[in-house]
Amino acid sequence: MQKRFLPLLALACCVALPLSPCAAQAHALRAAHERQGETVLMRFAYSDGKAPAFAAVRVLGADGREFQNGRTDARGRFAFVPDAPGRWRIHISDGMGHKTEHAVDIAATDAPAAAPAAPAAADAPAALPLRAGLGLSLLVNLALLIALSRRRRRA
């Protein structure tokens, strides 16, 4: 009876886990910017407050072409000086699967922005629990596959 119960329990966990609310966004990347004269200073951080040191950054200009690329400093900062008005997109990737995109609107005037932009979440609120559930589901399915293959070898 117990042997039949375990696969059903595993299946129930795989179905229920992605649907349950979860606050496990320990490494979601967040971005914020502020204007300092003509310079746009980007600040990146994980949701737990740690900085993504030396993460790869790409800046796409208002025309959609790559304007600049580089790496954040040890404190998760990156700066650039835009040369045209419009919506600029900044992409960051830490090389470990964490990445985000942040938009900066540059006005036609050179006046600095009045206040820094609020940090934006890397993913939609439901995306991270879904990813965690899918990852756990993959692990459970692999464990079940191994258990089934062992059972067939014994028979």
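Residue indices begin from 1 for each chain and proceed along its sequence in written order. At least 70 in pLDDT is required for a residue's local features to be given in this predicted model, at least 80 for side-chain atom pairs to be given and counted, and no such filter applies to totals for whole chains, interfaces and linings, which use all residues. In computing side-chain properties, one takes all heavy atoms of the structure into account and sets aside hydrogens as well as water.

1. As for the sheet that holds strand β1 (residues 29-36)
Piece 1. Reading across the sheet, the 3 strands line up as β1-β2-β5 and stay open at both edges, with antiparallel pairing between neighbours. Either end of the sheet is taken by a strand with one partner, and the two such strands are β1 and β5 (77-80). Mean inter-strand twist for the sheet, computed between neighbouring axes without regard to direction, equals 20 degrees.
Piece 2. Each pair of strands is called paired provided DSSP finds at least two bridges between the two strands. Only DSSP runs of H or I with at least four residues qualify as helices, and only runs of E with at least two residues qualify as strands; both kinds are numbered from the N terminus onward. As paired strands, β1 and strand β2 (residues 39-46) are joined by 8 bridges and run antiparallel to one another. Every angle, taken between N-to-C directions, lies between 0 and 180 degrees, and every axis is a line fitted to C-alpha atoms, over only the stretch in contact when it is a helix.

2. As for the environment of Arg 75
Piece 1. Its location among the elements puts Arg 75 in the loop between β4 (66-71) and β5.
Piece 2. Relative accessible area serves as the criterion here: at 57%, Arg 75 is assigned to the exposed category.
Piece 3. Sequence spacing of Arg 75 and Ala 53 is 22 residues, and the spatial spacing of their C-alpha atoms is 5.9 Å.
Piece 4. Any pair of residues with heavy atoms lying within 4.5 Å of one another is described as a contacting pair. Once you skip the residues sitting within four places of it in the chain, Arg 75 turns out to touch Phe 44 and Ala 51. Only protein chains enter the accessibility calculation, which uses a 1.4 Å probe. A residue is then buried if its area is under 20% of the maximum for its type, exposed if over 50%, and partly exposed in between.

3. Points about a nonpolar patch on the surface
Piece 1. Where nonpolar side chains cluster on the molecular surface, the patch consists of Leu 136, Leu 138, Leu 139, Leu 142 and Leu 145 and spans about 490 Å² of accessible area.
Piece 2. Along the chain, the position of Leu 138 falls in helix α2 (residues 127-154). Exposure above 30% relative accessible area and the absence of a salt bridge qualify a residue for a patch, where like charges join within 9 Å and nonpolar side chains (Val, Leu, Ile, Met, Phe, Trp, Tyr) within 5 Å. Note on areas: these come from Shrake-Rupley sampling with a 1.4 Å probe, and a residue is covered only by the protein chains present in the view. The term salt bridge refers to a side-chain nitrogen of Lys or Arg lying within 4 Å of a carboxyl oxygen of Asp or Glu.

4. What to know about the side chain of His 33
Piece 1. By the secondary structure assignment, His 33 is in strand β1.
Piece 2. For His 33, a relative accessible area of 13% translates into the label buried.
Piece 3. In terms of polar contacts, His 33 uses its side chain to reach the side chain of His 102, at 2.9 Å. Within 3.5 Å is the distance limit for a polar contact, defined as a pair of N or O atoms, with the added protein rule that one can donate a hydrogen and the other accept it, and that residues adjacent in sequence qualify only through two side-chain atoms.

5. Observations concerning the pattern of salt bridges
A side chain with one charge can pair with a side chain of the opposite charge if their charged atoms come near.
Piece 1. Tallying each qualifying case throughout the model produces 6 salt bridges.
Piece 2. With a closest N to O distance of 3.1 Å, Arg 65 and Asp 63 form a salt bridge.
Piece 3. For Arg 65, a relative accessible area of 61% puts it in the exposed group.

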